[in-house]
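Residue-level structural notes
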Amino acid sequence: MIEVKNVYKSFGDFGALQDVSLEVEKGDVVAILGPSGSGKTTLLRCINFLEIADSGKLIFDGEEYDMHSISKRNISRLRRKTAFVFQNYNLFLNKTVLQNVTEGLIVARRMPKDEAEKKAVKALEKVGMADRLESYPSQLSGGQQQRVAIARALAAEPEIIYFDEPTSALDPELIGEVLAVMRDLANDGMTMLVVTHEMNFARNVSSKVVFMENGHVIEASDSKSFFENPKEERTREFIQTILSGRE
């Protein structure tokens, strides 16, 4: 479904991504792991063109795009097939839950309001937020706000959802409710590419794991092999450190 080839991205003299490649098949849940500063979020942002890579290729549904010189029109086309969930929710504070979910459908996709509201309510039901349609973000917990953000992504009916550390801004007791929604999406066959520090999610929900460090992909494999039989010594060190709570 998606293949990323030989991506490079630098910020000044800092090489954030160095010859990064990965593949995502339809129905995959791919967890991207790695220490802070490894390039995980930069990769996700380059794939969705929130950052423009210095070079690299993206193949989406069989069509190839140059990640550096892609046109705005093609970025728009690709974004209609995808959705992005940010770590800090990115909700409109002056709009209700329902309005936050319908805004993109009405404004960006020119969907009639009644149709947009039907899709929004269905998506909010999916994440357990249909009883808070008229609430404002300030009236919600962080976990509830993130579930609204996920509903906004679902309402667009994307082929894939990109998640950028969706639980990192949450208090520990709220993480579980967001991960439960993501687990349900995985069970429903939603294709997801997830930058995360949640090892239990990576181990028990994701189908594939990509481990990054210093802008490189160190190891990529199915989740079972990654955790039970990692090939690289650095991967083994990372897993042991994370699981012992020291990372």
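The present account deals with the structure reproduced in this document. Remember, predicted model here, so these are calculated numbers, not experimental data.

Across all of its chains, the model carries one cavity of 30 Å³ or more by this definition. The space that makes up the largest cavity amounts to roughly 40 Å³. Every residue along the wall of the largest cavity is listed here: Ile47, Asn48, Phe49, Leu58, Phe60, Ile75, Leu78, Arg79, Thr82 and Tyr162. When residues of the lining of the largest cavity are traced back to their parent elements, those giving at least two are strand E4 (55-60) and helix H2 (72-79). At three residues, H2 tops the list of elements feeding residues into the lining of the largest cavity. Split into classes, the residues belonging to the lining of the largest cavity amount to seven nonpolar, two polar and one charged.

Turning next to the side chain of Thr191. Positionally, Thr191 belongs in strand E8 (residues 191-195). Of the polar contacts made by the side chain of Thr191, one reaches the backbone nitrogen of Gly27; its length is 2.7 Å. Every residue in contact with Thr191, bar those within four places of it in the chain, is listed here: Met1, Val24, Glu25, Lys26, Gly27, Asp28, Glu159, Ile160 and Ile161.

This paragraph deals with the packing of helix H5 (residues 142-155) against helix H6 (residues 172-187). Orientation of H5 relative to H6, taken along the N-to-C sense of each, is 20°, at an axis distance of 8 Å. Classified by the interaxial angle, the pair formed by H5 and H6 is roughly parallel. For the crossing formed where H5 meets H6, the hand is right-handed. Where H5 abuts H6, its residues Gly142, Gly143, Gln144, Gln146, Arg147, Ile150 and Leu154 lie against Leu174, Glu177, Val178, Val181, Met182 and Leu185. For the contact of H5 with H6, the residue count by class is seven nonpolar, four polar and two charged.

The subject of this paragraph is the nonpolar core. Within the largest apolar cluster, 40 residues are counted, with the highest numbers of intra-cluster contacts made by Val148, Ile150, Leu154, Ile161, Phe163, Met182 and Met192. For this core, the secondary structure elements donating two or more residues are strand E6 (82-85), helix H3 (97-107), helix H4 (113-126), H5, strand E7 (160-164), H6 and E8. Looking at which element gives the most residues to this core, the answer is H6, with eight residues. Ignoring anything within four residues of it in the chain, the contact list for Phe163 reads Leu44, Val85, Ile150, Met182, Leu185, Met192, Leu193, Val194 and Val195. By size, the runner-up hydrophobic cluster in this structure holds 30 residues, among which are Leu58, Ile160, Val210 and Met212.

Here the focus is the layout of surface pockets. In this structure, the largest pocket occupies an estimated 720 Å³ of space. Along the walls of the largest pocket sit 22 residues, with Arg79, Thr82, Gly104, Ala108 and Arg109 positioned nearest its centre. Contributions of two or more residues to the lining of the largest pocket are made by H2, E6, H3 and H5. Across the lining of the largest pocket, the residue classes tally to 11 nonpolar, six polar and five charged. In this structure, the second largest pocket encloses a volume near 270 Å³. In this structure, the second largest pocket is lined by Lys119, Lys122, Ala123, Lys126, Leu154, Ala155, Glu157, Pro158, Leu185, Asp188, Gly189 and Met190. Counting residues per element, the ones that place at least two in the lining of the second largest pocket are H4 and H5. In terms of residues, the lining of the second largest pocket owes the most to one element, H4, which gives four residues.

Calculation criteria
Residues numbered from 1 in each chain as written. Predicted model: local features only at pLDDT ≥ 70, side-chain atom pairs only at ≥ 80, totals over all residues. Heavy atoms only, no water. 1 Å grid on protein atoms, 1.4 Å probe; cavity = no way out; pocket = protein on both sides within 12 Å on 5 of 7 lines; lining within 4 Å. Points joined across faces, edges and corners; volume = space filled by probe spheres on them. Helix = DSSP H or I, 4+ residues; strand = E, 2+ residues; numbered from the N terminus. Nonpolar A, V, L, I, M, F, W, Y, C, P; charged D, E, K, R; others polar. Polar contact = N/O pair within 3.5 Å; in protein donor to acceptor, adjacent residues only side chain to side chain. Contact = heavy atoms within 4.5 Å. Axes fitted to C-alpha atoms, helices over the stretch in contact; angles between N-to-C directions. Parallel < 35°, antiparallel > 145°, perpendicular 65-115°, else oblique. Left-handed = near helix turned anticlockwise from the far one by under 90°. Core = buried A, V, L, I, M, F, W, Y, C linked by side-chain atoms within 4.5 Å. Buried < 20%, exposed > 50% of the residue type's maximum accessible area, 1.4 Å probe, protein only.

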